[in-house]
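Summary of the model geometry
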Amino acid sequence: MQSVSAQTASDRVFVVPVSAQLQADFDLLRQAQLYDQQGGQRDKFTAHTIDKLAQHIVCRHYSGLCYELAHLSWAVVNTGSKDALLDYFYIQENVYASGFTQYFQKIGPCKLPEAQVCFHSRESDATAHNAIEITIHQHRFSITASRINILAAMLEWLLNFVPNLLVQIDEALNGKSHNAIQSLASQLQKEIYEYLNKHLVQAKAQAKFHYMSAWLQEREVSQFTDQSLLELWIDAKNRDGMSRFTTVVKDVFQFQEAITKTHTEKALMQAQDISEQDQAEWLFETLDTITEPQISLAQLTNTPKLLSKQQAEKLQLLSDYSAMCQRFPMTWLRYDVFGQYQANCIQAQRNQNISAEAFTLPNENLYGQLLKHFQAQLKLNEHTCLAVIHILLQDNYEGVQTLLSLDTFNMSGDDTETLKRRCQQAFLRNNRQGFTDKTIVEDKAIYVDNTLALLLLSNAITQLFSRNKALFNTLTKDDEKYRSDGCIFKDELMQRMIK
């Protein structure tokens, strides 16, 4: 993982992490050469051109380049012969202003009678002000000779990952009107977006892994704790993508999962002879091999509706990182309570309503309230499952035996009538979609599948509370820890937001 320096309109230089592949793409463009008939050579693209292209790409400001390249391609395709793009860019290699000028001074008429490409030159400064003007019906667009080097570099970069691009462009534009230009530009943007998702998003996540690994090494520890995770969030306040506590929690959980997968960092380096510098990158790649069961909360909020969207949102972190939540119980609590607190403060700042009052914390012990909420959620899940069993029994659906065999809710001691009565009562209290006579879903298999997923969530809650029973009992009775954490978050966010 490497980085590319980019510059914004305000001339503030910053470093954007990119993958090794994307960095190699730019390096290859810098090394590309042009050869003349006498054996001489020169850079195909100037250093300034590649720097500007890299800036546009990594900052995702490439829509204008795509639109401009589509127009240039249209002009070449619709004024040239067969394989005009190949001839222009790779046989004649017209990638500098002089080649652009020579080529378009000699072009023939357009293939479309209602369109034309006109070459213009100003006597005062022939190179800088040479340009073509494309006219298609009422649509007009100009391209100056000075733009040809970056447009040629853009095309060459695209050829690295878009198969048969020259053929695609020719088919898209040959004999077509200006709507085809917009369509091609949109298609190029889509190709770039998908390519960058592989090489920018991953690179940024990988950069976080390097930072977290270095952060631990500085403190001579191998793994995070609840306390050190909170300290990391405070230390990383100015790092891109790590200002929100909720984001840092997920990043650390992923990092810890990778370490857990490899047992220990020391064993990893000894077994694979991996240096400390490369270790974070290996851990990042290890994430692809972690295959813990995933529960789709979205399916539980659809019909039949086993969870409300608000309930699902509360359960999301536990669903995604069950083992990590058990191991980091205070982080799990802070994620919900103070993650929302930070979100509220950020919203107040956006609304220009930020003041000391915006940071006021509720007097209630929100840790205790959250723990009671999850205990109540267990009971709600139980009633939902019983309601499902009622629906399946009424339909004589044989899949109900899958749920009954689990004996999740101590139903083994119930006789048939008692069981039916418990399930019917749960059904009558449930008025969600899929649990009323008019909304019951015909495909009963979905009830079984979703109920099994809900039981997995209930099991995750039970394990979380069982493993941290003593801590949770203390937090429910005593609000001292909530007050202490509240002061930490309040002071930190006030320092960040109130200047």
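Here the structure is a predicted model, which is why all the values come from computation and not from measurement.

With respect to the overall build of the chain
Along the chain, the regular secondary structure elements total 23 helices and seven strands. Every one of the 499 residues in the chain was classed for burial, and the buried ones make up 46%. Excluding contacts between residues fewer than 6 apart, the proportion of contacts in the chain whose partners are at least 24 apart in sequence is 69%. By element, 46% of the accessible surface of the chain is carried by carbon and sulfur atoms, the whole surface being about 25800 Å².

Here we look at the nonpolar core
In terms of nonpolar packing, the biggest core is built from 78 residues, with F224, L232, F253, L300, W332 and L333 touching the most fellow members. No other element matches helix α18 (residues 366-394), which puts 11 residues into this core. The next biggest cluster of nonpolar side chains, apart from the first, holds 66 residues, and it includes F26, I136, A153 and I192.

Let's talk about the sheet that holds strand β7 (residues 139-144)
What the three strands build is an open sheet, ordered β5-β6-β7; its pairing is antiparallel. Two strands close off the open sheet at either side, each with one partner strand: β5 (115-120) and β7. Each adjacent strand pair in this sheet contributes to an overall mean axis angle of 15 degrees, direction not counted. Alignment of strand β6 (residues 131-136) against β7, held across six bridges, turns out to be antiparallel. Across the sheet, E133 pairs through a bridge with S142, a residue of β7. Across the sheet, helix α3 (residues 63-77) lies against β5, β6 and β7, angled at about 95 degrees from β7, the strand it touches most. Each of β5, β6 and β7 touches helix α5 (residues 97-105); the most contacted strand, β5, lies at about 130 degrees to it.

A closer look at the packing of α3 against helix α7 (residues 148-158)
Two numbers describe how α3 lies on α7: the axes approach to 10 Å, and their chain directions differ by 95 degrees. In this view, α3 runs roughly perpendicular relative to α7, as classed from their interaxial angle. Along the contact surface, α3 presents L65, C66, E68, L69 and L72, while α7 presents I148, I150, L151, M154, L155 and L158. Residues that form the contact of α3 with α7 fall into these classes: 10 nonpolar, no polar and one charged.

Topic: the packing of helix α15 (residues 309-320) against α18
At their nearest, the axes of α15 and α18 sit 12 Å apart, and the two run at 105 degrees to each other. The angle between the axes of α15 and α18 places the two elements in the roughly perpendicular class. Facing Q311, K314, L315 and L318 of α15, the residues of α18 in contact are L370, H373, F374, Q377 and L380. Classifying every residue of the contact of α15 with α18 gives five nonpolar, three polar and one charged.

Structural notes on the confidence of the model for the chain
When pLDDT is averaged across the chain, the result is 86; 86% of the residues are at 70 or more. Confidence drops under a pLDDT of 50 for residues 7-15, and excluding neighbours within four residues, the segment shows 14 contacts in the predicted structure. Across residues 263-269, confidence stays below pLDDT 50; counting only partners more than four residues off in sequence or on other chains, it has 16 contacts.

A short note on helix α1 (residues 20-31)
The first and last C-alpha atoms of α1 sit 16 Å apart over 12 residues, in line with the 16 Å expected at 1.5 Å per residue. All of the buried residues in α1 are L22, Q23, D25, F26 and L29. Looking straight down α1, one finds that the buried residues subtend no more than 150 degrees of arc, so they occupy a single side. In α1, the exposed positions that point more than 90 degrees away from the buried face belong to L28 and Q31.

Considerations on the pairing of β7
Only one face of β7 is covered, namely the face carrying H139, F141 and I143; the face carrying R140, S142 and T144 is uncovered. Counted along the chain from β6 to the antiparallel partner β7, the turn is two residues long, and its residue H137 has a positive phi close to 55 degrees.

Re the packing of aromatic side chains
How two aromatic rings sit relative to each other is given by the distance of their centres and the angle of their planes. As enumerated under the stated definition, the model contains 27 aromatic pairs in all. With 5.4 Å between their ring centres and 75 degrees between their planes, F209 and F255 make a pair best called edge-to-face. Taken together, the positions of F209 in helix α9 (residues 178-218) and F255 in helix α11 (residues 245-261) put the pair 46 residues apart, joining distant regions of the chain. Both residues of the pair, F209 and F255, belong to the buried class. Each ring, one from W233 and one from F245, has its centre 5.6 Å from the other, and the planes form 85 degrees; the classification is edge-to-face. Taken as a pair, W233 in helix α10 (residues 226-235) and F245 in helix α11 lie far apart in primary sequence, 12 residues in all. In terms of burial, W233 and F245 fall into one category: buried. One aromatic cluster is present, formed by W233, F245, F338, Y341, Y367, Y482 and F489 through successive ring pairs. We note R219 situated over the ring of W215; from NZ or CZ to the ring centre the distance is 3.7 Å.

Quick notes on the side chain of H139
Checked against the element boundaries, H139 lands in strand β7. Overall, the relative accessible area of 17% leaves H139 in the buried class. There is a polar contact of 2.8 Å between the side chain of H139 and the side chain of H71. Each residue touching H139, except ones within four places of it in the same chain, is listed here: Y67, H71, I134 and H178.

Some details on the side chain of E68
For E68, the location among the structural elements is in helix α3. The exposure class assigned to E68 is buried, which follows from its relative accessible area of 11%. Only 2.9 Å separates the side chain of E68 from the side chain of R147, close enough to count as a polar contact. In contact with E68, other than residues within four places in its own chain, are F141, I143, R147 and L151.

Describing unusual backbone geometry
Following T303, the chain continues into P304 via a peptide bond in cis, with omega recorded as 0 degrees. Mapped onto the secondary structure, P304 falls in the loop between α14 (297-301) and α15. Residue D83 is not a glycine yet carries a positive backbone phi of 55 degrees. Its identity as a non-glycine residue notwithstanding, N164 has a phi of 50 degrees, on the positive side. With respect to the helices and strands, N164 occurs in the loop between α7 and α8 (165-173).

Calculation criteria
- Residues numbered from 1 in each chain as written.
- Predicted model: local features only at pLDDT ≥ 70, side-chain atom pairs only at ≥ 80, totals over all residues.
- Heavy atoms only, no water.
- Helix = DSSP H or I, 4+ residues; strand = E, 2+ residues; numbered from the N terminus.
- Buried < 20%, exposed > 50% of the residue type's maximum accessible area, 1.4 Å probe, protein only.
- Contact = heavy atoms within 4.5 Å.
- Areas by Shrake-Rupley, 256 points an atom, 1.4 Å probe, with all protein chains shown as cover.
- Core = buried A, V, L, I, M, F, W, Y, C linked by side-chain atoms within 4.5 Å.
- Pairing = 2+ DSSP bridges.
- Axes fitted to C-alpha atoms, helices over the stretch in contact; angles between N-to-C directions.
- Parallel < 35°, antiparallel > 145°, perpendicular 65-115°, else oblique.
- Nonpolar A, V, L, I, M, F, W, Y, C, P; charged D, E, K, R; others polar.
- pLDDT = per-residue confidence, 0-100.
- Expected span 1.5 Å × (residues − 1).
- Arc of directions from axis to C-beta.
- Phe/Tyr/Trp six-rings, centres within 6.5 Å; stacked < 30°, edge-to-face > 60°.
- Lys NZ or Arg CZ within 6 Å of the ring centre and 35° of its normal.
- Polar contact = N/O pair within 3.5 Å; in protein donor to acceptor, adjacent residues only side chain to side chain.

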